[in-house]
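Fold and geometry: a report
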Amino acid sequence: WWGTTMDTLWVAPDGSAWLNASVTQIRADGTLGCDGLARFDGDSWQSFLAGHCISDLDFAPDGNVWVVARDRQRDMVDTYVITPEAVAATA
């Protein structure tokens, strides 16, 4: 299960819900899930940035989703953009 709070759940202007999936229950080895983002559009779930720990997210007026995340394997923080086209392509 996900221990979701309001700082891990965002609602986009299009009404979709974005969930920080990197706050999953702590694993047996003591690490967090770092499972990226999950998007729910009312019918189905989509996953983005698997293997990344999400620290912040915001929606731009053009529909882009800007994400600050750490790559669990490289231990580097980067800024990512998820475009509406990327969302449509995985739907």
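It should be noted that the structure appears before, not after, this text.
What counts, and where the lines are drawn
- Residues numbered from 1 in each chain as written.
- Predicted model: local features only at pLDDT ≥ 70, side-chain atom pairs only at ≥ 80, totals over all residues.
- Heavy atoms only, no water.
- Helix = DSSP H or I, 4+ residues; strand = E, 2+ residues; numbered from the N terminus.
- Buried < 20%, exposed > 50% of the residue type's maximum accessible area, 1.4 Å probe, protein only.
- Contact = heavy atoms within 4.5 Å.
- Areas by Shrake-Rupley, 256 points an atom, 1.4 Å probe, with all protein chains shown as cover.
- Core = buried A, V, L, I, M, F, W, Y, C linked by side-chain atoms within 4.5 Å.
- Pairing = 2+ DSSP bridges.
- Axes fitted to C-alpha atoms, helices over the stretch in contact; angles between N-to-C directions.
- Polar contact = N/O pair within 3.5 Å; in protein donor to acceptor, adjacent residues only side chain to side chain.

**Remarks on the overall build of the protein chain**
- Helix and strand content of the protein chain: one helix and seven strands.
- Across the protein chain, helices and strands are ordered from the amino to the carboxyl terminus as β-β-β-β-β-β-β-α.
- The 91 residues of the protein chain split such that 37% are buried.
- Considering only intrachain contacts with a sequence separation of at least 6, the fraction spanning at least 24 residues in the protein chain is 25%.
- When the accessible surface of the protein chain is totalled, it reaches about 5500 Å², and 57% of it is carbon and sulfur.

**Section: unusual backbone geometry**
- The residue Leu-49 is not glycine, and still its phi comes out positive at about 60°.
- Tracing the chain through its elements places Leu-49 in the loop between strand 4 (45-48) and strand 5 (52-59).

**A few points about the nonpolar core**
- Trp-18, Leu-37, Leu-57, Phe-59, Val-65, Val-67 and Ile-82 are the most contacted members of the largest nonpolar core, which totals 15 residues.
- The set of elements that each furnish at least two residues to this core consists of strand 5, strand 6 (65-71) and strand 7 (76-82).

**Considering the sheet that holds strand 7**
- The strand order 5-6-7 describes an open sheet built from three strands, whose pairing is antiparallel. What marks the edges here is a single partner per strand, and that holds for strand 5 and strand 7. Across the sheet, the axes of successive neighbouring strands diverge by a mean angle of 20°, strand direction being ignored.
- Relative to strand 6, strand 5 runs antiparallel, the two sharing seven bridges. Residue pairing for strand 6: Cys-53 is matched across the bridge by Arg-70.

**Remarks on the environment of Asp-62**
- When you line up the elements, Asp-62 lands in the loop between strand 5 and strand 6.
- Under the relative-accessibility criterion, Asp-62 is labelled exposed at 53%.
- Sequence-wise, Asp-62 and Thr-83 are 21 residues apart; in three dimensions their C-alpha atoms are separated by 8.8 Å.
- A polar side-chain atom of Asp-62 sits 3.0 Å from the main-chain amide nitrogen of Asn-64.

**Examining the side chain of Asp-71**
- For Asp-71, the position within the fold is in strand 6.
- Dropping the residues within four chain positions of it, Asp-71 is found in contact with Gly-51, His-52, Met-76 and Tyr-80.

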